[in-house]
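# Observations on chain architecture
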Amino acid sequence: MRVVVNGEDRRLRAGATVADVVRSLDLAPDARGVAVALDGEVVVRGAWSSTVLSEGARVEVLGAIGGGR
Amino acid sequence: MSGDPLVIAGRELSSRLILGSGGFANHELLRDACAAAQVQLCTVALRRIDAGGESGPGRSILHVLQEAGVEVLPNTAGCFTARDAVRTAQLAREAFATDWIKLEVIGDDRTLLPDAVELMAAAEQLVADGFQVLPYTTDDPTAARRLEDLGCVAVMPLGSPIGSGMGICNPYNISLIVEHASVPVVLDAGIGTASDAALAMELGCDAVLCASAISRAHDPAAMAAAIRAGVDGGRLARCAGRIPRRLYAEASTPMAGLPSL
């Protein structure tokens, strides 16, 4: 299955979840300061492991950087 | 200055200087600036996690801020539309477990000036969604009043464009905003050096947000200490009540009793 993670094409097994994508970036599932959007909508942390991706899904995995002024 | 806390949305903040974390060359400089500036809040932005990048595992700015005892104020930096800003705020709430959001909706990337129409729309939606909204706005007193009417918990007018270091271009407008605001006014953007921060406080602003003037200074920690002193001096002066400006001199020594020589 093809999905787009942070703008890059990725091939994942069928049935892969948001939590799988987060783990693939070396992030712990309880990592503070991480947020995920699936097709533009927020996926709350508690739903990462139960949110199954579908073909062509756009996943954004975001973290904190220095920013502001 | 303990005993003179800043209160925003019922939350008491010990420091009237808020640090922006943009522009620091490394985490050590940010850590030293946090200490020298004696800040309680520091802004952070959300960006894609690159496994080897700044926001990647083990290198998060959050560790630096946590060790410095500084709390996070997420922003929506880089958003050009209300839609993007609202989604970014929702993601920030999820990432940082806070409903406080420094709302920025920018009109163009040359001036980085706020887009008032998109800003109002985003503020309205975020307030309805339960956020404590701190909007970055122009120095337009009417815009500030409208943001307050929408339920924003503070207003953050610019002194001059982000990163310009031009200080406060229109002190008159900042005074008008302060005069009419019933929520805290935080001077945001344009601070170049300590005297700009002092002026902001003398004009009656409740706090100052500053990043570039500190992070891009030759010695960031020293400038952080200078701007801290500027904020404190300006606040003291504001509370002390300055003398009015006059066109001509007014003698402080009485003329009565002047000898005839």
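What chain A contains, in helices and strands, is one helix and five strands. The principal-axis extents of the C-alpha atoms in chain A amount to approximately 40 × 25 × 20 Å. When burial is assessed residue by residue, chain A has 39% of its 69 residues classed as buried. Looking at chain A alone, contacts between residues at least 24 apart form 57% of all its contacts between residues at least 6 apart.

This part takes up the confidence of the model for chain B. For any part of a model where pLDDT is low, the fine detail of the predicted coordinates should not be relied upon. A residue-level look at chain B finds 96% of positions with pLDDT of 70 or above and a mean pLDDT of 93. Reported for the predicted complex are a pTM of 0.88 and an ipTM of 0.88.

In this assembly, 36 residues from chain B lie in contact with 23 residues from chain A. Contributing elements (two or more residues each) for the side of chain B that touches chain A: β4 (41-48), α2 (61-67), α3 (82-96) and β10 (207-210) of chain B. Classifying every residue of the side of chain B that touches chain A gives 20 nonpolar, 10 polar and six charged. Looking at chain direction, strand β5 (residues 58-66) of chain A and β4 of chain B are connected through five bridges and run antiparallel.

Before going further, it helps to examine the sheet that holds strand β8 (residues 156-157) of chain B. All names here are of chain B. Within the open sheet, the three strands sit side by side as β6-β7-β8. Their pairing is parallel. Looking at the sheet topology across the chains shown, the edges are occupied by β6 (100-103) and β8. Examined bridge by bridge, strand β7 (residues 132-137) and β8 share two bridges and lie parallel to one another. In the strand pairing of β8, Tyr136 is matched with Met156.

This part is about helix α4 (residues 116-128) of chain B. Residue and element names in this part refer to chain B. Across its 13 residues, α4 extends 18 Å between first and last C-alpha, which sits within 8% of the 18 Å expected from 1.5 Å per residue. Within α4, burial applies to Leu119, Met120, Ala122, Ala123 and Leu126. Where α4 terminates, the next one or two residues include Gly130, which has phi positive at roughly 90°.

Glancing now at helix α5 (residues 141-149) of chain B. Side chains that are three or four residues apart share a direction in an α-helix, a result of its 3.6 residues per turn. All names here are of chain B. Along α5, the residues that are buried comprise Pro141, Ala144, Leu147 and Glu148. All buried residues of α5 fall inside an arc of 125° around its axis, so they share one side. The outward face of α5, more than 90 degrees from its buried face, is lined by the exposed residues Thr142 and Asp149. Elements in contact with the buried residues of α5: α4, β7, β8 and α6 (171-180). The first or second residue beyond α5 is Gly151, which carries a positive phi of 105°.

Take the environment of Asp206 of chain B next. All names here are of chain B. Tracing the backbone through its elements, the reader meets Asp206 in the loop between α7 (194-202) and β10. Assessed through the 22 C-beta atoms surrounding it within 10 Å, Asp206 is described here as buried. Sequence separation of Asp206 and Leu17 is 189 residues, and the distance between their C-alpha atoms is 9.2 Å. Leaving out residues up to four positions away in the same chain, Asp206 has contacts with Leu6, Arg16, Pro184, Val185 and Val186.

Quick look at the packing of helix α1 (residues 27-37) of chain B against helix α9 (residues 220-240) of chain B now. Residue and element names in this part refer to chain B. Contact geometry for α1 and α9: axes closest at 8 Å, N-to-C directions at 25°. In this view, α1 runs roughly parallel relative to α9, as classed from their interaxial angle. The way α1 lies across α9 gives a crossing that is right-handed. In this structure, α1 uses Leu29, Asp32, Ala33, Ala36 and Ala37 to contact α9, whose residues at the interface are Pro220, Ala221, Ala224, Ala225, Ile227 and Arg228. Tallied by class, the residues present in the contact of α1 with α9 amount to nine nonpolar, no polar and two charged.

It is worth spelling out the nonpolar core at this point. All names here are of chain B. In this structure, Leu19, Leu103, Cys205, Val208, Cys210, Ile214 and Ile227 are the most contacted members of the largest nonpolar core, which totals 108 residues. It is α3 that contributes the most residues to this core, eight residues altogether. Here Cys205 is in contact with Ile174, Val178, Val185, Val186, Leu187 and Ala200, once residues within four sequence places are set aside.

This paragraph deals with unusual backbone geometry. Residues and elements named next belong to chain A. Here Asn6, not a glycine, exhibits a phi torsion of approximately 50°, which is positive. In this structure, Asp39 is a non-glycine residue whose phi angle is positive, near 50°. Structurally, the position occupied by Asp39 is in the loop between β3 (34-38) and β4 (41-43).

Here is what the cut-offs are and how they apply
- Residues numbered from 1 in each chain as written.
- Chains lettered and ligands numbered in written order.
- Predicted model: local features only at pLDDT ≥ 70, side-chain atom pairs only at ≥ 80, totals over all residues.
- Helix = DSSP H or I, 4+ residues; strand = E, 2+ residues; numbered from the N terminus.
- Buried ≥ 20, exposed ≤ 12 C-beta atoms within 10 Å, placed from the backbone.
- Contact = placed C-beta atoms within 7 Å.
- pLDDT = per-residue confidence, 0-100.
- Nonpolar A, V, L, I, M, F, W, Y, C, P; charged D, E, K, R; others polar.
- Pairing = 2+ DSSP bridges.
- Expected span 1.5 Å × (residues − 1).
- Arc of directions from axis to C-beta.
- Axes fitted to C-alpha atoms, helices over the stretch in contact; angles between N-to-C directions.
- Parallel < 35°, antiparallel > 145°, perpendicular 65-115°, else oblique.
- Left-handed = near helix turned anticlockwise from the far one by under 90°.
- Core = buried A, V, L, I, M, F, W, Y, C linked by C-beta atoms within 7 Å.

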